Structure formats: structure tokens, C-alpha cells
Amino acid sequence: MNGPARLSGFVLCAILTACGGRGAKAVAAPGLSAAADRQGDWRQVATPADRARLRSWRGAWIDALAQVRGAGLMAQLDADPALFDPDRALPDPVPPSGAYRCRVTKLGANGTAMRALTAYPVVDCGVDATGGVVRMYKIGGGQRPVGTLYEDSSARTVFLGTMVIGDEHRALPYGKDGNRDLAGYVERIGPRRWRLVLPSPRFESLLDVVEIVPAG
């Protein structure tokens, strides 16, 4: 597909500096094993299970919204259509390097322990682009996605990574543990606003939507 220059695989160091953006600051991210350093098309990197998740992203949106609507909780989503409209994507989807603030909203309940809609507090996250490799990572919170962006189209990039949990300081290599693997899309939804959409997470929800805006 046409789009920006191809983005390749990644290795995360123990400490990453989010640089290059206005107001950027140093941020810490968990390290990732060199075994996750992959090159080429995301389709050659993604596991079969994650390729299936990415293909079925719209079905995950529809099922999640149906649960939220059935629980009578659509008002929160209706108040922010840019964030929660599945078809709201603008060109140039890659966030510049820098420090960001992220807010996770979990839609739909996967099991009985979660509500149909759960919004978490805003936390720090970061984007680091070095040598054509774009890394994205969430810093705060008990669940912290860490991964890289791969070219997909002019309005969407593919996120492949893993979930860091609790007090862990190092991410598992992508593809080692299917329960930790993450696959989703990053899209720009405003002049300085992006979202990471994770369809069919392994636990808790049917769809995770992560709002991404510059810090400060």
C-alpha cells in the first residue's frame, strides 16, 4: 500500500529518551529483548493469531459498542465521537517523537469481572523514532503496552508489541507469549491527537482505545 517510508522492527533499551518534539522530556520504558528485532512488512512479523485479530478489528468494535449500548453507557462515547468513531482516521498517522499523555478506555466486557465501559486515569507515555524505527510505549499504570509501528496505509499504522504488567521492568519478546502479545492500529484523529486501538485483547475487554496527546 502507498504511505510513508516503511517502518522496520525494534529493540527497546532499558531507558529511552523521547526526543525531537516540542516540550519533550526523558521518559523510562521497559527493555525488550533483541529477539524481537524484526525487519520488513508487519505481516511477516505478526503472529497468525494477531493477523486474525487485525483482520477482525471492525467486528470487535461492533461487539464492544453493542455491549456499551446495552448497558446504557453510550453517553460517554457519544461525547467524544472523534475518539470512538471506528472510521475517524486522518492522513499522517505516526506521532512525532516526544512525551505524551495517554488515556485508556476499555469497551465491552470479556468475562464477568469488568464493566461494559471502563475508563482509566491519564498516564505518561512516549514515542521514540530512531533510525526509521518508531517505538511507542506507555509508562504509567498496571498494564503498559510496549511496541513498534509498521507502515500499513496513509491513514493507519500497525502496532505490534507486548504487555508489561505490574512492577516488571522488561518486556517479553513479541511472539513468545500469546497472552502478552498485542496487535492494533495507530490513527490520527485530530491536529495533535492520536489513538491506539487494540481489538480483542486477551483479557478483560473486547476493545481497548488509547487516546494519545502531547504532554504539556
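Look above for the structure.
Rules of the game
Residues numbered from 1 in each chain as written. Predicted model: local features only at pLDDT ≥ 70, side-chain atom pairs only at ≥ 80, totals over all residues. Heavy atoms only, no water. Buried < 20%, exposed > 50% of the residue type's maximum accessible area, 1.4 Å probe, protein only. Helix = DSSP H or I, 4+ residues; strand = E, 2+ residues; numbered from the N terminus. Pairing = 2+ DSSP bridges. 1 Å grid on protein atoms, 1.4 Å probe; cavity = no way out; pocket = protein on both sides within 12 Å on 5 of 7 lines; lining within 4 Å. Points joined across faces, edges and corners; volume = space filled by probe spheres on them. Nonpolar A, V, L, I, M, F, W, Y, C, P; charged D, E, K, R; others polar.

It is a general feature of regular strands that their side chains alternate between the two faces of the sheet. The buried count for strand 9 (residues 156-165) comes to 9 of 10 residues, which makes it a mostly enclosed element. Direction of pairing for strand 8 (residues 143-153) relative to strand 9: antiparallel, over a ladder of 10 bridges. The residue bridging Thr 148 from the neighbouring strand is Leu 160, located in strand 9. Taking the residues that link successive antiparallel strands as the turn, the strand 8-strand 9 hairpin has 2 residues.

A few words now on the layout of surface pockets. Taken as a whole, the largest pocket holds about 210 Å³ of empty space. Taken together, 16 residues make up the lining of the largest pocket; nearest its centre are Val 104, Lys 106, Tyr 120, Lys 138 and Gln 143. Grouping the constituent residues of the lining of the largest pocket by class yields 9 nonpolar, 3 polar and 4 charged. In this structure, the second largest pocket is lined by 13 residues; those nearest its centre are Gln 143, Met 163, Asn 179, Arg 202 and Phe 203. For the lining of the second largest pocket, the elements supplying multiple residues, two or more each, are strand 9, strand 11 (181-190) and strand 13 (204-214).

Further remarks concern empty space enclosed by the protein. Under the counting rule described, the total for this entry stands at 3 cavities of 30 Å³ or more. By volume, the largest cavity is sized at about 60 Å³. Forming the boundary of the largest cavity are Cys 102, Cys 125, Met 136, Tyr 137, Lys 138, Pro 145, Leu 196 and Val 210. For the lining of the largest cavity, the element with the highest residue contribution is strand 7 (residues 133-138), accounting for 3 residues. In terms of residue class, the lining of the largest cavity is built from 7 nonpolar, no polar and 1 charged.

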